Amino acid sequence: MSKILARVMLQEPLEGRRILEIGCGIGLPSIVVKQLGGDITASDYHPLAQPFLLENTILNSLAPIRFKTGDWNTANLSLGKFDLIIGSDVLYEHQHIKLISSLIDRHSSSQVDVIIVDPGRGAHRAFAREMERLGYMHSWTDLLTRA
């Protein structure tokens, strides 16, 4: 899923936008955004995410990417507001839907775009309903069938 999200980032307008990747893992989409000159902050709960991200930025001859540690329930995580929030394969636990939606809502600017790439584990509809309940509009694109 991170490869698909990284490809999507190649098509996104990034200039002048603050971007947050949630659940970044090894940070492939964040690295692509950084290579394109985007203002990216990566976040993840796993203790190895930050060292893997740092190593991958070094391997790609990039300056370090801002990183914040926190889980979906970290209400006081000081991330700020973002114009684009991205994530890949973050909807793997149904009980996390409200937590992820709330995290996104807390860190959204007034004109935010949210791109979540999901492998189809069955939580997409519940996530879309929760985001719509919070006032977000939803659209869905099958990226696997796109040329």
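Residues numbered from 1 in each chain as written. Predicted model: local features only at pLDDT ≥ 70, side-chain atom pairs only at ≥ 80, totals over all residues. Heavy atoms only, no water.

> So what exactly am I meant to see when it comes to unusual backbone geometry here?
In most cases, non-glycine residues show a negative phi, while peptide bonds are predominantly trans. We note that Ser-61 has phi near 55°; this positive angle belongs to a residue other than glycine. The phi dihedral of Asp-89 is positive, around 55°, even though this residue is not glycine. Along the chain, the position of Asp-89 falls in the loop between strand E4 (82-88) and helix H4 (97-106). Note on Asp-89: relative accessible area 23%, which makes it partly exposed. (Helix = DSSP H or I, 4+ residues; strand = E, 2+ residues; numbered from the N terminus. Buried < 20%, exposed > 50% of the residue type's maximum accessible area, 1.4 Å probe, protein only.)

> Teacher, can you tell me more about the pairing of strand E2 (residues 39-44) here?
Successive residues of a regular strand alternate their side chains across the two faces of the sheet. With five of six residues buried, E2 is to be regarded as a mostly interior element. Where strand E1 (residues 18-22) and E2 come together, four bridges link them in parallel fashion. If you follow Ile-19 over to E2, its bridge partner there is Ile-40. Note that E2 and strand E3 (residues 66-69) share four bridges and pair parallel. Note that in E3 the partner of Ser-43 across the bridge is Lys-68. Once you follow E2 into helix H3 (residues 49-59) and on to E3, the crossover reads as right-handed. (Pairing = 2+ DSSP bridges. Right-handed = clockwise from strand over helix to strand, strands pointing away.)

> What exactly am I supposed to notice about the pattern of salt bridges here?
It is possible for side chains of opposite charge to pair when their charged atoms get near one another. Inspection of the entire model under this criterion finds six salt bridges. In the salt-bridge network here, residues are joined through shared partners; they are Glu-12, Arg-17 and Asp-113. (Salt bridge = Lys/Arg side-chain N within 4 Å of Asp/Glu carboxyl O.)

> Whenever I open this one, a nonpolar patch on the surface confuses me. Can you help?
Together, Ile-26, Leu-48 and Phe-52 make up an exposed nonpolar region whose accessible area comes to about 280 Å². On the secondary structure map, Leu-48 appears in the loop between E2 and H3. A relative accessible area of 42% places Leu-48 in the partly exposed class. (Patch = residues over 30% accessible without salt bridge, like charges linked within 9 Å, V, L, I, M, F, W, Y side chains within 5 Å. Areas by Shrake-Rupley, 256 points an atom, 1.4 Å probe, with all protein chains shown as cover.)

> Is there a simple way to explain the packing of H4 against helix H5 (residues 124-133) in this structure?
Think of two packed helices as two axes; the pair is described by the angle between the axes and how far apart they sit. In contact at an axis separation of 9 Å, H4 and H5 are set at 40° when each is read in the N-to-C sense. Judged by the angle between their axes, H4 and H5 are oblique. Judged by the twist between their axes, the crossing of H4 over H5 is right-handed. Counted together, Ile-97, Lys-98, Ile-100, Ser-101 and Ile-104 of H4 and Ala-126, Phe-127, Glu-130 and Met-131 of H5 form the full contact between these two elements. A class-by-class count of the residues in the contact of H4 with H5 yields six nonpolar, one polar and two charged. (Axes fitted to C-alpha atoms, helices over the stretch in contact; angles between N-to-C directions. Parallel < 35°, antiparallel > 145°, perpendicular 65-115°, else oblique. Left-handed = near helix turned anticlockwise from the far one by under 90°. Contact = heavy atoms within 4.5 Å. Nonpolar A, V, L, I, M, F, W, Y, C, P; charged D, E, K, R; others polar.)

> Sorry, what's going on with H5 here?
Every α-helix winds through 3.6 residues per turn, so residues three or four apart in the chain are directed the same way. Phe-127, Ala-128, Glu-130 and Met-131 are the residues of H5 that are buried. Taken around the axis of H5, the buried residues stretch over an arc of 165°, which confines them to a single face. Facing away from the buried side of H5 by more than 90 degrees, the exposed set consists of Arg-125, Arg-129 and Arg-133. Looking at the packing, one finds that the buried side of H5 touches H4 and strand E5 (108-117). (Arc of directions from axis to C-beta.)

> Can you walk me through the pairing of E1 in this structure?
By the criterion of burial, E1 is predominantly enclosed, with four of the five residues buried. Taken together, E1, helix H2 (residues 28-35) and E2 constitute a β-α-β crossover, and its handedness is right-handed. With four bridges joining them, E1 and E4 adopt parallel strand pairing. Across the sheet, the residue bridging to Glu-21 is Ile-86, located in E4.

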